[in-house]
Every structure is written in C-alpha cells, then in structure tokens.
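Inside the fold
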Amino acid sequence: METEILMPALSPTMKEGKLAKWLVSEGEKVSAGDLIAEIETDKATMELEAVDDGILKKILITEGTDSVEVNTPIGLLSDNDSNEKEVSKISKTDKKNILKEKIPVISKKEESASKTVIRDSNNHRTEVHVKENSVDHDSVEITVREALRDAMAEEMRVNKNVFLMGEEVAEYQGAYKVSQGLLEEFGSKRVIDTPITENGFTGLGVGAAFAGLRPIVEFMTFNFAMQAIDHIINSAAKTLYMSGGQMGCPIVFRGPNGAASRVGAQHSQCYASWYSHVPGHKVVSPWSGSDAKGLLKSSIRDPNPVIFLENELLYGQKFDVPTSEDFLVPIGKAKIEREGSDITITAFSIMVGKALSAADQLSKMGISAEVINLRTLRPLDIDTIITSVQKTNHCISCEEGFPYSGIGAEISSQIMEKAFDWLDAPVKRITGKDVPMPYAANLEKLALPQIEDIINAVNVILSKS
Amino acid sequence: MSTSELPLLDDSFKKEEDTLNKSKIVSSKNSFSKETLLNFYNDMLLIRRFEERAGQLYGMGLIGGFCHLYIGQEAVVVGLQANVNQKDTIITTYRDHGHMLATGMDPKKVMAELTGREAGYSHGKGGSMHMFSKEKNFYGGHGIVGASVPIGTGLAFSHYYNDDGGVCLCYFGDGATNQGQVYESFNMAALWNLPIVYIIENNKYGMGTSVERASASTDLHRRGESYGIPGVAVNGMDVKEVYHAGKSAIDHARSNKGPIILEMKTYRYRGHSMSDPAKYRSKEELAKMRAENDPIDCLREEMMSSKMLDEKSFKEIDKKIKERVIEAAKFAQESKEPDPAELWTDVLLEV
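Structural notes, computed from the coordinates. (Residues numbered from 1 in each chain as written. Chains lettered and ligands numbered in written order. Predicted model: local features only at pLDDT ≥ 70, side-chain atom pairs only at ≥ 80, totals over all residues. Heavy atoms only, no water.)

Things to note about the overall build of chain B
Across its full length, chain B carries twelve helices and eight strands. Among the 351 residues that make up chain B, the fraction classed as buried is 55%. Within chain B, contacts between residues separated by at least 24 positions form 76% of all contacts whose residues are at least 6 apart in sequence. When the accessible surface of chain B is summed, it comes to about 14700 Å², and 49% of that surface belongs to carbon and sulfur atoms. (Helix = DSSP H or I, 4+ residues; strand = E, 2+ residues; numbered from the N terminus. Buried < 20%, exposed > 50% of the residue type's maximum accessible area, 1.4 Å probe, protein only. Contact = heavy atoms within 4.5 Å. Areas by Shrake-Rupley, 256 points an atom, 1.4 Å probe, with all protein chains shown as cover.)

Set out below in structure tokens:
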C-alpha cells in the first residue's frame, strides 16, 4: 500500500513553499518521526517528519523546487512489505500544473501599471491593474515583507539612531521574516531581540525616543500591543503636549494588524479605529509594496510617534516597488488606486485589494467605481474623499474592523458634515461583523468582509438612488 | 532609623557591600565640607518651603487637580542629585516638584506650571504631574504608577546605545514596586547591563495602603534578586547617608556593572494628595517621625552643635529661601493664563 506524502502547511497563512531538500533518497527506509525533507516557507525553513513507517518509493517533487502548493503530493511512501509498483501516478504535465511559474523580477522604468494577483478568503485569484507612482523610479517586483525590510535597512543605513527592537526580530529573523538580514547587517546593538514583555519594552522604546534615539518597535502582532497601550497612548502620544513642546517622541510602532487566517479571536482584530481615536500620533496602514516601503520610510523619519499597521496576509504579496532610496510616500495623503465615476469606495490595508477586485467585477456590470486607498488613517485625507464623493455622489467605506465606532463611522460622519448635499444615497459601511473572530473556516469567512459584500452593497446603493 | 545594608545576593556584589560599609564609616560628621552641608540644607529647605507654599496656593484655589507634596522626603532627592553629572538623566513619578528643584529647574516656572500659567515649564498644559526640562535632563513627571520605570530604563538604554557614560536615576514609590512593568524593566536592564539606578522612595504608604498591606515581601530593595540586581536599603531621612549610598550606586552603574536598586526608607508628612484625610495612620506616628527624624532639622542641629553655623546664620538662610519661594508664588500668580491658541499647539511636531 502506498501513501502520498503531501506538501504540508507550516503556518496559518502558508499557501505554498519551496521543497528545499530531501533528507532521504528513493528506496530508503524511514520510520515515523524521521526527518525526510526541508521545506522553506516565506517565513522559515522547517523540517518535515515522516508520519508513517515505510520506504520512500518515489520522489515526486525534486529538491530545489519553488512554489509548491500546500497539499501537493511530493513523494510516495510504501509499506515496508509492499512491492507494488504503480508509482508514477502523477505525470510530468500534472506536476507542471501544480507548480506556478515563478514570476520574473522586472525592472522597467516606465512601467506605471502592473498586474497584481489578489486572493480573497476562498483563495480565488483575481488579477487587478495597479497603478504605482513609479514613473520616475526604477522599480523591482518584491513582496510587501521585503519592502518593509528594505525601508528599515535604508533608514538604518542613513541614521545611526534608528534601531529595531521586538520579539524575535534578530536571530529568528522576524516572526514573519520581515527583519530578515537586518541582524547580520546592523549587529545586535541595533537589532534587538526583546523578552516577551510588551509593556516593558514599549516603555523602554519610548524612553529611548525621549532621549533622542529613533526606535522601531515591532509587535509580533498588534493584538499583543494591548499589553503596552498605556505607553503607546499615555507616554508616547501625550508627552509632547504635556511638556509644552519640549519632549518629542520619534518612534514607530509597527507589526501586523487585523485578521490573519484561522487564529481565533485573540489574534484577529483590527486596531485602526482604536489608535486613530487619539491625538498626538499618526496612524498609517499600507496596502501595496510601495505603500509599505514609502510610508515606513516616512514614518521612521517623522519626529512624531507613528502607529504602522501592517497585514500578515499581505506580507507575501508581490508588487512593483521603486528601488530608489529617495522614494517616500507622504503621510496624510490618500491615493486614488482606480478612477471611477459612479461610486467612491474607500479602503485601507488588505481591503484595498478586495475593493479593487470588486471594482473590476463591477466594471463588467457597467458600474464605474473609484477606489481610494486611504494609506493614512490619522490624519485622514478627507479632502481626497470629499472631492471623489462630489464626483460620484455615492460612497462605501471598507474595513476589516468592527463596525461600532469604526473608521467607516468616522468617514461617513465627515462626509455627512462636509458633503451632505452631494450625496444621492446614505454612505454604507462594509466592516467585519460585530462578533469576536470565530475559528471555524466558514464562520471566519462570514465574519470578514468579502468582495461580494462590496459588490452587493454597491448594487443596492446605486439601484436605490 | 538606621541604615541597613541588605543581605546580599552573591559574592559578585560583596565588593559593593564593602564599598557601602566603608562609605558609611567615612560619613562621620565632619567628612563633609561646610559648603556641601550648606548646599544640602539649602536645597532641602527650598523644597520644603516651596511645597508648603504650593499647599497654601492649592488651598486658595490657585492650584487645581492633583497635587502631591514631597514634604518629609527631601533628603532623598537632594542627597542623590548631589552625585549626578551633566550627562545623567532623571525621571520620576507624579510626586515630582522636589525632583525638579533638585535638578536645578527654576522654582518660578515650576510654580507657574502648578498654577496653570503660560510661563510654566509646560505652558500650563502639563500641571503638577507633567513637567520636563530637556536642559536639565529631567524627563518628567509621569502620572501612571509604574510607567516611568520602563521609560527610565529606556533613558538608560540611550546611555548604553550612545556609550556616553551617563546614568539614569529612576525614582518611583513603594506603591509602584508591585507593578508588573517594573519587573519587565528589571529584567531588561539586567539582561542588557544598562546603567541605571532604581530608587524606590519607600514612604510606607502607596496612597492610603501601607507597604505591609500591599506587598507580600516588604524588603523592597531585594526586589531585583531574581534578576541578579543588587539592592541596598538606606536611611532616606539622612541626607548624608543618601549621598554616600547614591555615590556608590551611581559609580556601580557608571562602571558598566549594570543596574542597582536603592530603597530609600523615608516618610511623607502630608497626605498622598491634597484631598487625603490620612485616616490610615496615627497622628502620633507622624509626630514621632517629624520630631526624631526630620532631615532638615537633624542637619541643622548637627551643624549647630558642631559649631559649623550659628542660629543667626540659619535664620538668614531661611529668610532667603522664604523670599525665593514668595517670589515664585508671586510670579506664578501674576503670570497670565495660556493663550487660547495654545490649546492647539504641541499636539504634533511639524514635518
């Protein structure tokens, strides 16, 4: 009897990985628990154990193969006694279908629009056209994760006061591999593994910032920053005011925010509205690779505290990102990702991708949607939103967070105050559901806003008006 | 009250103990110059008279909100601050007026902040608990119990990062020693060998709850043992003992030996804040402390009995201090309130 050895999912968000190395060869006997292969995910290299005793009959995916999707058979294990020989069930062409083509790195000066692959929660892929302001810059296609790393590395090279601290940022190379290579380049004085004590190391970072250093404090996720929110708000955001302008706090608090995938209520929450509520700091939430790099560089240079809300599911997505070290995205400016005339859709972080997918599908229905990537939540670029609404007369706001007192509530309130007469229909909020995040796959999907929710809401609003 | 050196953790700190014992021996009555003792006296008396005046202005409705007075604890900050150099940084909690004066901040501008005026250190936007002086390396002034401890540890981190030879003096009360973030800080300071002196001002009560009722172990100087941080208990009512303990501790931190804890056994005469009825302690306890251990009275008596200074000279000093404080109070009352436009400034720095 033969058993297929499948490409394992080694993290909640892993969709594919590299089969780095086979540790046993064909015909070799293995016991349950033996290490048989090394798998490289986007986060780490992991060892794969045999789950059964047997003989490795056939290697289906050779070592060194990139982008092997989870659950792809990578080898065949037969019973020790079995002599069956129907091994080559999977043909070469099948294998080819399983493997995605590796996207080549591009560097085109005038490439102002590129295709970006976006996945919804069902893992459906949609290609959308993304305009990047890379006209004046050479650009390269890299992941959001790499863009964030490059931003930190570039700023650390030019300013010796910039340092990175957080859990697993140094030797582990980042829990989500964002700080990969930084320890090697900058050493342990500037890339600092902290104990798991968010409140303590956040306060320490604030003190260092008061003294004139420029800390980047990484939270493994923003869920854990709740342990430290007193320092983020009371110590970092308020001290400039309380000191009559004497004591600035140039610090960046960054890390993944919002839902990841199947990690339950305590690890899946969007804190955008929490931080945006408070004066004294800025709140930034990037979507694309350019957003990530340009906004993080601006945040590190900013003399104020900046809350930098990333998204774990975006870390692996690739975008064209300008390579120039002078490339910055200004804080406080939204970006119109797609122009349209019938309705304005505002979104930030992962919801920008969903909004663009929705806009693509809406265009096939003859509806022209304008998609605004907010980029900064505080200060909010309300002017760009109002100008758009004056053109489209309709607006939907999208966010993953809870509806109550959310970003959408603020946007809709400001539109009502500033552009009431321009509206042909009430502003609609697309949000996460008003429940703690469930674990079950179907319930999690129901709890999170989907592309279809945006499309449906647009149709309802436009048919009403 | 007598100074008690702590039972030490391990041999590595034995040397420190010896130093402290030695310094105690050296601190015989005449080992300080007249000038040094006079400075101690002046600084302590300035804080005492300033705080008394602040209490008075509070009673008149000129100071609002919370106002935590330092009366009784003057020897702690004066003895310690006499050891710092220009690179050292200082941070404390909300009972902070004494620390500001001891770091050399202007009593007029401190008092003007208490009255919420434009001329105050924070232009009236901080108040009693939130004053800062970059010039004097005074980093506040923090209102959340325990929160100043990791921030102070961050100041120490900056000394380590810049390798500038500076030390952070991080003051907090006995009440704060039960906060989790204090231990998170101890851990990191020991782990990274940061130059910091943690000064626990044990005035016996965290608001109205005595140390005994709040703390499972009351030897607060031993709170760093798990992290290998040495600690010393010091008679915080004696400015000379404080000075010597502070000197040893600061030398320890400055010579890359890592963090150290000083537990200053002290006493506050007034309530926790102005609205404290003080039902949690007896009048006799307070009266006995004042009569037998007052840091200012004790120093004056000592200097008089050793013929360093006579009563007339002390009266002159007292008069000068009183004038300074009256001048500060006058300044604080005459300064104008902040301009309404000040409401919107200093929220963010312009980019």
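There's plenty left to go through after this.
Some details on the pattern of salt bridges
Residues and elements named next belong to chain A. Considering all chains together, one arrives at 30 salt bridges over all chains under this definition. Across the pair Glu-155 and Lys-297 runs a salt bridge, and its minimum N-O distance is 2.8 Å. Here the residue Glu-155 occupies a position in helix 2 (residues 144–158), and Lys-297 occupies one in helix 8 (residues 289–301), the gap between them amounting to 142 residues. Across the pair, Lys-297 and Glu-155 agree in class, each one buried. A salt bridge links Glu-310 to Arg-254; its shortest N-O distance comes to 2.6 Å. Residue Glu-310 is found in strand 17 (residues 306–310), and its partner Arg-254 is found in strand 15 (residues 252–256); the two are separated by 56 residues along the sequence. Comparing Glu-310 with Arg-254, the two get one shared label, buried. (Salt bridge = Lys/Arg side-chain N within 4 Å of Asp/Glu carboxyl O.)

So, the state of the cysteines
All names here are of chain B. What the rule picks out here adds up to zero disulfides over all chains. The thiol of Cys-170 is not disulfide-bonded; the next cysteine sulfur, from Cys-168, is found 5.3 Å away. Since its relative accessible area comes to 0%, Cys-170 is described here as buried. (Disulfide = S-S within 2.5 Å.)

Comments concerning the pairing of strand 4 (residues 35–40) of chain A
Across a regular strand the side chains alternate sides, sitting on one face of the sheet and then on the other. Residues and elements named next belong to chain A. Alignment of strand 2 (residues 16–22) against strand 4, held across four bridges, turns out to be antiparallel. Opposite Leu-19, over in strand 4, you have Ile-39 as the bridge partner. As paired elements, strand 4 and strand 5 (residues 45–49) share five bridges and run antiparallel to each other. In the sheet register, Ile-39 faces strand 5, and the bridge partner there is Met-46. Between strand 4 and strand 5, which pair antiparallel and follow one another directly, the connecting turn spans four residues. (Pairing = 2+ DSSP bridges.)

Regarding the interface of chain B and chain A
Each partner contributes to the interface: chain B provides 40 residues, whereas chain A provides 44 residues. Buried area between chain B and chain A, both sides added, is near 3500 Å², and the carbon and sulfur share of it is 67%. On inspection of chain B and its partner chain A, the count reaches zero salt bridges. Applying the counting criterion to the chain B and chain A interface returns 17 residue pairs in polar contact (both at pLDDT 80 or more). At ten residues, helix 6 (residues 148–162) of chain B tops the list of elements feeding residues into the side of chain B that touches chain A. Of the residues that constitute the side of chain B that touches chain A, the class distribution is 21 nonpolar, 13 polar and six charged. (Buried area = accessible area lost by both parts, 1.4 Å probe. Polar contact = N/O pair within 3.5 Å; in protein donor to acceptor, adjacent residues only side chain to side chain. Nonpolar A, V, L, I, M, F, W, Y, C, P; charged D, E, K, R; others polar.)

A look at the nonpolar core
Grouped together as the largest cluster of nonpolar side chains are 75 residues, with contacts concentrated most on Phe253(A), Ile415(A) and Phe157(B). If you count residues domain by domain, this core takes at least three from each of domain 2 (142–319) and domain 3 (335–464) of chain A. In contact with Phe253(A), not counting residues within four places along its chain, are Thr202(A), Val206(A), Val217(A), Phe219(A), Phe222(A), Ile232(A), Ala236(A), Val306(A), Ile307(A) and Phe308(A). (Core = buried A, V, L, I, M, F, W, Y, C linked by side-chain atoms within 4.5 Å. Domains from an automatic or database assignment.)

Focus: helix 7 (residues 180–191) of chain B
With twelve residues, helix 7 of chain B should cover 16 Å at 1.5 Å per step; its first-to-last C-alpha distance of 17 Å lies within 8% of that length. The secondary structure elements touched by the buried residues of helix 7 of chain B are helix 4 (198–210) and helix 5 (229–237) of chain A together with helix 6, strand 3 (168–173), strand 4 (196–202) and strand 8 (260–265) of chain B. Count one or two residues on from helix 7 of chain B and you reach Asn193(B), which has phi positive near 55°. (Expected span 1.5 Å × (residues − 1).)

Looking at unusual backbone geometry
Here the amide bond leading from Arg378(A) into Pro379(A) is cis, since omega sits at 0°, within 30 degrees of zero. For Pro379(A), the position within the fold is in the loop between strand 22 (376–378) and helix 10 (382–392). The peptide bond linking Gly140(B) to Gly141(B) adopts the cis configuration, its omega dihedral lying at 25°. Relative to the helices and strands, Gly141(B) is located in strand 2 (residues 138–141). Backbone geometry at His123(B) places phi at a positive 55°, although glycine is not the residue there.

Regarding the layout of surface pockets
All names here are of chain A. Roughly 370 Å³ of volume is contained in the second largest pocket. In terms of lining residues, the second largest pocket is bounded by 19 residues, among which Ser-276, His-277, Leu-377, Arg-378 and Glu-410 are the most central. Here the lining of the second largest pocket takes four residues from helix 11 (residues 407–419), the largest share from any one element. When grouped by side-chain class, the residues that make up the lining of the second largest pocket number eight nonpolar, eight polar and three charged. (1 Å grid on protein atoms, 1.4 Å probe; cavity = no way out; pocket = protein on both sides within 12 Å on 5 of 7 lines; lining within 4 Å. Points joined across faces, edges and corners; volume = space filled by probe spheres on them.)

A few points about empty space enclosed by the protein
Residue and element names in this part refer to chain A. On inspection of all chains with the given rule, the structure shows six cavities of 30 Å³ or more. Lining the largest cavity are 15 residues, and of these Ser-268, Glu-400, Phe-402, Met-437 and Leu-448 lie nearest its centre. Along the lines of polarity and charge, the residues of the lining of the largest cavity split into eight nonpolar, five polar and two charged.

A closer look at the sheet that holds strand 13 (residues 191–193) of chain A
Residue and element names in this part refer to chain A. Taking strand neighbours across the sheet as the criterion, the seven strands line up as 13-12-14-15-17-16-22 in an open arrangement whose pairing is mixed. Strands at the two margins of the open sheet, each flanked by one partner only, are strand 13 and strand 22. Strand after strand, the sheet turns through a mean of 20° between neighbouring axes, direction not considered. Direction of pairing for strand 12 (residues 162–166) relative to strand 13: parallel, over a ladder of three bridges. Across the sheet, Met-165 pairs through a bridge with Ile-192, a residue of strand 13. (Axes fitted to C-alpha atoms, helices over the stretch in contact; angles between N-to-C directions.)

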